[in-house]
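Breakdown of the fold
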Amino acid sequence: MWSRHNSYKMLCGDRINKEAEQETCRLTENPLFNSGSSTTCSKDWRRNLNSCLCGFAAYVSNLSTLQRTFRGSGHHYETCFCEHSLSPSFSNERAVCGGKRERGRQSINSFLCRESCAPEELCYCVLIRNLLWNYCTYFVPLEHIHEVSTETMERPLEATRMENSTSSCFLMERKTHVKINRKEVMLAKLRKSCSCTPKKLKNFVMDFLPVLRWLPKYQCKEYIWGDIMSGLVIGIILVPQAIAYSLLAGLKPIYSLYTSFFANIIYFLMGTSRHVSVGIFSLISLMVGQVVDRELLLAGFDLNDDAPPALGDGSLQNDSQSNTTAFNLTIAGMNAECGKECYAIGIATALTFVAGVYQVLMGIFRLGFVSMYLSESVLDGFATGASLTILTAQVKYLIGIKIPRSQGHGMLVITWTNIFRNISQANLCDVITSAICIMVLVTAKELGDRYKHKLKFPLPTELVVIVVATLVSHYGKLNEVYASSVSGAIPTGFIPPKVPHFNLMLRVAVDALPLAIVSFVFTVSLSEMCAKKYAYTIRANQEMFAVGFCNIIPSFFHSFATSAALAKTLVKTSTGCQTQVSGVISAMVVLLVLLFLAPLFYSLQKCVLACIIIVSLRGALRKFRDVPARYHVNKVDTLVWVVTMSASALISTEIGLLVGIVFSMLCIIVRTQRPRTALLGQIQDTSFYEDDLEYENLSSVPKVKIFRFEAPLYYANRNYFLKSLYRLTNLDPNLEAARRKKYEKKEKQHLKKGGDTTANGLGIGDTTLQLVPKQIDFQALVVDCSSISFLDTTGVNTLKEILKDYKDLNISVLLACCNPSVIDSLKRGGYFGKDFGSMQEMLFYSIHNAVRFAKDQKLPADCSV
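All residue numbers refer to positions counted from 1 along the written sequence of the respective chain. Local features in a predicted model are, by the rule used here, given only for residues with pLDDT of at least 70; side-chain atom pairs are given and counted only at 80 or more, and totals for whole chains, interfaces and linings are based on all residues. Computation of side-chain values: all heavy atoms of the structure, hydrogens and water removed.

Turning our eyes to something else, we now look at the overall build of the protein. Secondary structure elements follow DSSP: runs of H or I no shorter than four residues count as helices, runs of E no shorter than two count as strands, and numbering proceeds from the N terminus. The number of helices and strands found in the protein is 35 helices and 12 strands. Think of it in three bands: with a 1.4 Å probe and only protein chains considered, a residue is buried below 20% of the maximum accessible area for its type, exposed above 50%, and partly exposed in between. Burial statistics for the protein: of 865 residues in total, 49% are counted as buried. Considering only contacts in the protein between residues 6 or more positions apart, those separated by 24 or more positions represent 80%. Using a 1.4 Å probe, accessible areas were evaluated by the Shrake-Rupley method; residue-level cover was limited to the displayed protein chains. Carbon and sulfur atoms form 60% of the exposed surface of the protein, whose accessible area is close to 44400 Å². Throughout, a contact is declared for two residues whenever any of their heavy atoms are within 4.5 Å.

Structure below.
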């Protein structure tokens, strides 16, 4: 049994000499160690104890007095055990131990961990424990003195209470870091990267084309049916979406089909994700369409979809001749007969090529960290704002009015203004068709979501709606009778490849940067989501190369920018997809449409395509329902979402994305400028301290203030740090010092005039008492640095300033829980003096050590070295 005993105390000497080794050697000659009787101790036990003593003898600095008291036949020995100081894991965390010393320590542990031991064994174990007392006290202070029974060595857990015992030191030895010659390292990496061997060349090709690694290992019987099913479903969904999203990009439907086909093939070869569906994406199409519309407007084209071409039709006004000339000069490499459609796809391919080049360069220079600045709130806000813009752009097709496509900032407001001005021109046929299509699509989507666990694959609702609507439009002659706008002729086959024009690349170079970043971020985030769900890994850098070449190569084949799409990726995973073979199947479905079925969509109404686009925005528009829950979780993130969404919708998508990134960074800066500050109180009967404004039943420490600052201390929050410190401690040392000087000056002036009393009627002996203000109720200030991650020069100078100011008031400033980088900054800044002599009295490993030091300055100082 364990019981408390207060009559025993350890005595540690102060001198370091050879008496420790001599005493240890003398003890090893004791007959108990040399006895061969099994009743006394075993050979293994003697060998372990000898190794313990010999291993530790060279490291014992002081000898403590061993007091032994035999109590009758019970063989009770009065001693002290410290479990943590004998724990190998604990000691390993606290110091770098030598081999012999550690082996000796482990021998003691293995001996003490036995359930029972003979009295003689316990006696020598106690002896070893006391010989090593000075060594062990560097790790854990002595908290209790226990009376130990030799019959059993059970150790029940007891609540540890704080006692005013002897202070102890924590010896923290910093590792010596070898300085690395960065120049040599870079040269070595450069030589390694520039060398070319057959094995390295093979690995490079295999890494650049991951399909060469996984395709030979393809398990056909296990994977093929899931890949075929998901590929067919995605292909069926992809065709109507590709035709519909061409409205967003301001291009003909054939170019959307090209984009979907080439993107799936290239990602099959270069992608590392097994489940991501890469192709045409609504947000990317919108960003492309905004650039195309702007350049068409600058070139003098009419943005009305049904307007005739601006060039070569003889209908140009005289005042538009200058625009035509500017257009011809701008595209010097294109002939004058290139009309609106030709110029639009030229802008789109140039934009796509530059965006792909940006992505490849980012992959080469490993700039994928840029995506870290796009937080979840920024991406969600950007997607929601862009969805509102997409919805606004499709309203005119829903009701069949002919208004020009708005361009520039404030497009959403301008478009809605034009819609309400021309609402009387709405086409009744388009309105009825749109209402029916939306009702069918929404109902099918809701039913699919509700019973998706019972459906093996999602219903191809979009394809059914397109087929039925095309048949109704064709046989009902809706275009001829009701003037309903239709898709028009869609050619079959492939247009000969063409190099994007360099002059157009210069015009769209700035616009391609946000396009490249958004495309990459969506692709990598979806790839990581799928990899985490299905327990495999992706290579983010290779993903950047893959999406980059999904833009570069198709740009030669009249395609525009692509990205991974969330909706199609979720459908792909739910229909049994196993590998990117499903992408090839989807590409074959698109190819079938390109070669044979495209002309059948001639009579498809544009309002049907607009309905498909709007219904596909349900997920993004539902984010509005999550605002209350988001606000409950984090108010700052909600504010970032609202700002990003508003800027993306009301200004433009590119500026909205930039505003969201900048605003989220400003929020982080503001939160570090004005962080939480608190005075801490002690949790009763423990060594822990917490915010006294947040927790009940905390006891204040007499004569000690404990201040916590929950942010890095740097130039931007220096003033807030000082103001918070002065406010919470109710003491501004500068004002107090000025007040004292003023009072001393008045006292000197009064004494010069004569008189035994001061100006306040006090005696001269009472003057000193009067100088000490009543509001100073503490003698030490402990700064909890556990939340201070770094210090800059201003931060170090701030701590030096408060150290000096409080020292003038005879108040000591103690730092606790500093991380190594903060300690290094303080050393370099001269906070501890030139020789670090006062470091032991200024820096502490824990708040409790600092408090104990502050409460009793006469005791040996706590230190954290």
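Let us keep going from here.
Put simply, a salt bridge is a Lys or Arg side-chain nitrogen that is within 4 Å of an Asp or Glu carboxyl oxygen. A complete count under the given rule lists 20 salt bridges for this structure. For Glu446, the salt bridge goes to Arg618, with nearest N and O atoms at 2.9 Å. Remark: Arg618 occurs in helix 26 (residues 618–621) and Glu446 occurs in helix 18 (residues 428–450); sequence separation between them is 172 residues. For Glu446, a relative accessible area of 36% corresponds to the partly exposed category. Of the charged contacts, one joins Glu694 and Arg676 as a salt bridge, the two residues approaching to 3.6 Å between their closest N and O atoms.

Between N-to-C directions, angles cover 0 to 180 degrees, with each direction set by a line fitted to C-alpha atoms, over the stretch in contact for helices. As a packed pair, helix 16 (residues 376–399) and helix 17 (residues 411–421) sit with axes 9 Å apart at the nearest point and diverge in direction by 20°. Relative to helix 17, helix 16 is oriented roughly parallel. As helix 16 runs across helix 17, the sense of the crossing is left-handed. Contact residues: helix 16 offers Leu388, Thr389, Thr392, Val395 and Ile399, while helix 17 offers Met411, Leu412, Thr415, Trp416 and Ile419. The labels follow the angle: roughly parallel below 35 degrees, roughly antiparallel above 145, roughly perpendicular from 65 to 115, and oblique for the rest. The sense of a crossing depends on the near helix, which, turned anticlockwise from the far helix by less than a right angle, makes the crossing left-handed and, turned clockwise, makes it right-handed.

Another aspect to go through is the confidence of the model for the protein. Each residue gets a pLDDT score, which is the predictor's confidence in that residue and runs from 0 to 100. Overall, the prediction assigns the protein a mean pLDDT of 77, with 72% of residues at 70 or greater. Taken element by element, the protein is modelled with least confidence in strand 2 (residues 77–78), mean pLDDT 34, and with most confidence in helix 30 (residues 718–729), mean pLDDT 95. This model gives residues 133–168 a pLDDT under 50, and the stretch forms 101 contacts once residues within four places in sequence are excluded. Segment residues 767–774 is flagged for pLDDT under 50; beyond a separation of four residues in sequence, or across chains, it makes 16 contacts in the model.

This part is about a nonpolar patch on the surface. Residues qualify for a patch when their relative accessible area is over 30% and they have no salt bridge, like charges being joined within 9 Å and the nonpolar side chains of Val, Leu, Ile, Met, Phe, Trp and Tyr within 5 Å. A cluster of nonpolar side chains, namely Leu361, Ile364, Phe365, Leu367, Phe369, Met372, Tyr373 and Met665, defines an oily patch on the protein surface of about 800 Å² accessible area. Tracing the backbone shows Leu367 in the loop between helix 15 (340–364) and helix 16.

Quick look at the state of the cysteines now. Linking two cysteines covalently via their sulfur atoms produces the bond known as a disulfide. Throughout, a disulfide means two cysteine sulfur atoms within 2.5 Å of one another. For the coordinates displayed, the defined rule picks out 0 disulfides. Free of any disulfide, Cys785 has its nearest cysteine sulfur in Cys818, 3.6 Å distant. According to the relative accessible area criterion, Cys785 is buried, its value standing at 1%.

Take unusual backbone geometry next. The residue Lys477 is not glycine, and still its phi comes out positive at about 50°. Looking at the element boundaries, Lys477 is found in the loop between helix 19 (461–476) and helix 20 (478–482). Phi is positive for Asn810, close to 60°, though the residue is something other than glycine. Mapping Asn810 onto the fold places it in the loop between helix 33 (793–808) and strand 11 (812–816). Overall, the relative accessible area of 67% leaves Asn810 in the exposed class.

In terms of burial, strand 9 (residues 703–709) is largely enclosed, as 6 of its 7 residues are buried. Two strands are counted as paired when DSSP detects at least two bridges linking them. Where strand 6 (residues 677–683) and strand 9 come together, 3 bridges link them in antiparallel fashion. Among the inter-strand pairings, Leu679 is bridged to a residue of strand 9, identified as Phe707. Summarising the sheet, strand 9 and strand 10 (residues 778–784) pair through 6 bridges and their orientation is parallel. Opposite Val704, over in strand 10, you have Ala780 as the bridge partner.

The next subject is the side chain of Asp430. Residue position: Asp430 is located in helix 18. Of note is the side chain of Asp430, whose polar atom sits 3.3 Å from the side chain of Gln605. Once residues lying within four places of it in the same chain are set aside, the contact partners of Asp430 are Tyr397, Leu398, Ile399, Gly400, Ser484, Ser485, Gln605 and Cys607. For this analysis, a polar contact is any N or O atom pair within 3.5 Å, provided that within protein one partner can donate a hydrogen and the other can accept it, and provided that sequence-adjacent residues contribute only side-chain to side-chain pairs.

We now examine the packing of aromatic side chains. Within 6.5 Å between ring centres, the rings of Phe, Tyr and Trp (the latter by its six-membered ring) count as paired, and their orientation is classed by plane angle as stacked under 30 degrees, edge-to-face over 60, tilted in between. Tallied over the entire structure, the rule returns 21 aromatic pairs. Taking the centre distance of 5.6 Å and the plane angle of 85° together, the rings of Phe624 and Trp641 count as edge-to-face. Placement of Phe624 in the loop between helix 26 and helix 27 (627–633) and of Trp641 in helix 28 (residues 635–650) is noted, with a sequence separation of 17 residues between them. What makes Phe624 partly exposed here is its relative accessible area of 36%. With a relative accessible area of 2%, Trp641 lands in the buried category. Taking 4.9 Å as the distance between ring centres and 85° as the angle between the ring planes, the aromatic pair formed by Phe709 and Phe721 counts as edge-to-face. Here Phe709 is found in strand 9, whereas its partner Phe721 is found in helix 30, with 12 residues between them in sequence. Each member of the pair, Phe709 as well as Phe721, is classed as buried. Three or more aromatic residues joined by ring pairs make a cluster, and in this case those are Tyr255, Tyr258, Phe261, Phe262, Phe494 and Phe557. Whether a charge sits over a ring depends on NZ of Lys or CZ of Arg being within 6 Å of the ring centre and within 35 degrees of the ring normal. Lying over the aromatic face of Tyr536, Arg274 brings its terminal NZ or CZ to 4.3 Å of the ring centre. Residue placement shows Lys635 over the ring face of Tyr631; its charged tip is 5.2 Å from the ring centre.

Our focus in this paragraph is the packing of helix 11 (residues 220–249) against helix 25 (residues 606–616). Direction vectors running N to C along helix 11 and helix 25 enclose 95°, while the axes themselves pass 9 Å from each other. One way to sum up the angle between helix 11 and helix 25 is to call them roughly perpendicular. Only Lys606, Leu609, Ala610, Ile612, Ile613 and Ser616 of helix 25 make contact with helix 11, whose side of the interface consists of Pro240, Ile243, Ala244, Tyr245, Leu247 and Leu248. In this classification, Asp, Glu, Lys and Arg are treated as charged, Ala, Val, Leu, Ile, Met, Phe, Trp, Tyr, Cys and Pro as nonpolar, and every other residue, Gly included, as polar. Along the lines of polarity and charge, the residues of the contact of helix 11 with helix 25 split into 10 nonpolar, 1 polar and 1 charged.

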